[in-house]
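Reading the structure
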Amino acid sequence: MSVRKANAQWKGTLKEGKGNMKFSNYNGPYTFASRFEEGDGTNPEELVGAAHAGCYSMFLAALISGDNLKPDSVETTAKVHLGRDETGPLVTIIELDTRVSCPGLSRDRLDELAADAKAKCPISRLVAAADIRLTATLL
């Protein structure tokens, strides 16, 4: 299987410092404000959300294709909730909202495949400690 690489560097204190993340064709800043407040730049939770949405969409498309159907599109949005426990900040909830356009796919079969993809996509399995909530819509 493949191995992917990402790099992050942080300079300075937690609140006044700043960082940079690099992977593939992305190179961008992150700060305390972009993570815990509303500031410019990205944050690890946003990147987890993008990874989860992308992984889930591909996995669901694969499952649908396994039923000899051809999805027109599978679009997923992930909302990653950052909370806190006695140890510190942690991802508490990930809300996946997926919208599927696929001729011949029934609502009941979408529900089955969507739940299966939620349980089995590699990023869902990675973040299984979070409460992953799913809404699936058939277009």
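Residues numbered from 1 in each chain as written. Predicted model: local features only at pLDDT ≥ 70, side-chain atom pairs only at ≥ 80, totals over all residues. Heavy atoms only, no water.

So, the nonpolar core
Keep this limit in mind: To qualify as a nonpolar core, a set must consist of buried Ala, Val, Leu, Ile, Met, Phe, Trp, Tyr and Cys residues joined through side-chain atoms within 4.5 Å. For each residue, the accessible area found with a 1.4 Å probe, counting protein chains only, is set against the maximum for its type, and the residue is called buried under 20%, exposed over 50%, and partly exposed in between. Per the convention used, a helix needs a DSSP run of H or I reaching at least four residues, while a strand needs a run of E reaching at least two, with both numbered from the N terminus. Two residues qualify as a contact provided that any one of their heavy atoms is within 4.5 Å of a heavy atom in the partner residue.
Tyr-56, Leu-60, Ile-64, Val-100, Cys-102, Leu-105 and Leu-110 are the most contacted members of the largest nonpolar core, which totals 21 residues. Contributing elements (two or more residues each) for this core: α2 (44-65), β5 (89-101), α3 (107-120) and β6 (131-138). Look past the residues within four positions of Cys-102 in its chain and what remains in contact with it is Ile-64, Leu-69, Lys-70, Pro-71 and Asp-72.

Here's the deal with the side chain of Glu-45
With respect to the helices and strands, Glu-45 occurs in helix α2. If we ignore the near neighbours within four places in the chain, the residues touching Glu-45 are Arg-35, Val-80, Leu-82 and Val-91.

Regarding the environment of Asn-68
By the element assignment, Asn-68 lies in the loop between α2 and β4 (73-84). For Asn-68, a relative accessible area of 74% translates into the label exposed. Measuring from C-alpha to C-alpha, the distance between Asn-68 and Ala-130 comes to 32 Å, with 62 residues separating the pair along the chain.

Section: unusual backbone geometry
Backbone geometry follows two general trends: most residues other than glycine have a negative phi, and most peptide bonds adopt the trans configuration. At Ser-24, a position not held by glycine, the phi torsion is positive, near 40°. Mapped onto the elements, Ser-24 comes out in the loop between β2 (18-23) and β3 (26-31). Look at Asn-68: it is not a glycine, yet its phi comes out positive at around 60°.

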